[in-house]
Amino acid sequence: MYNNYKTFLASIAFLIIVSCQDTNPLFGKWKLSSWDIGVEMNLNEDTIKSFNLLDEVDCKNKEVLTIKSDGTINSVNTFSPLIKISKTNKKYNLNASCNEGSIGFASSYKIVDDIIVIEPNDQIYYFNGIQLTRVFKKAIKVYDSSFTKIIEAKDLTLNYIK
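The shown structure was predicted, so the numbers you read here are calculated from the model rather than taken from an experiment.

With that out of the way, let us pick up the pairing of strand 7 (residues 105-112). Here 4 bridges tie strand 4 (residues 72-76) to strand 7, and the two strands are oriented antiparallel to one another. Residue pairing in the sheet places Thr72 in a bridge with Ser108 of strand 7. With 5 bridges joining them, strand 7 and strand 8 (residues 115-119) adopt antiparallel strand pairing. The residue of strand 8 that forms the bridge with Lys110 is Val117. Remark: 2 residues form the turn of the hairpin made by strand 7 and strand 8, two consecutive strands paired antiparallel; Asp113 in that turn has positive phi of roughly 55°.

Following the criterion strictly, the structure yields 3 salt bridges and no others. Among the salt bridges present, the one from Lys87 reaches Glu152, with a minimum N-O distance of 2.8 Å. Residue Lys87 is located in strand 5 (residues 82-88), and its partner Glu152 is located in strand 11 (residues 150-161); the two are separated by 65 residues in the primary sequence. The partner of Asp155 in a salt bridge is Lys137, and the shortest N-O contact between them spans 3.5 Å. With Asp155 in strand 11 and Lys137 in strand 10 (residues 131-143), the pair connects residues that are 18 residues apart, well separated along the chain. Judged by its relative accessible area of 30%, Asp155 is partly exposed.

The rules behind these values
- Residues numbered from 1 in each chain as written.
- Predicted model: local features only at pLDDT ≥ 70, side-chain atom pairs only at ≥ 80, totals over all residues.
- Heavy atoms only, no water.
- Pairing = 2+ DSSP bridges.
- Helix = DSSP H or I, 4+ residues; strand = E, 2+ residues; numbered from the N terminus.
- Salt bridge = Lys/Arg side-chain N within 4 Å of Asp/Glu carboxyl O.
- Buried < 20%, exposed > 50% of the residue type's maximum accessible area, 1.4 Å probe, protein only.

Here's what the structure looks like:
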């Protein structure tokens, strides 16, 4: 009888814990899956061009974005390669090298529809049901061939998947 009572209490506790867990698909760990500046490239010279810099460099991508139900968001080991881009006669020349060390951030956020707004500076992540997307407008500078003058700026788009 005592064992039945313990089993019953354990079952109730399990059901309470499971039913109280947040099932919001935004919550959890998100891995950086693409780093895109809108320029197709073949930096690793494997004959396959890609818009995703992660496919083209040997830098380790350990970036994980964690969104918690308590209103906090953090990123660890932020992917931050050193990028140099020039443009000559409509052709982009890219050079990327790995940046050693670890960069990260922690902040609070609010959810408005399917948009995560990071406070206090209102940076935005968009959620489409399966991935998070963040766009940094005009974040990547493109220089002339001598790297003396900025001739355009490209958006940087980061995509994350669970």
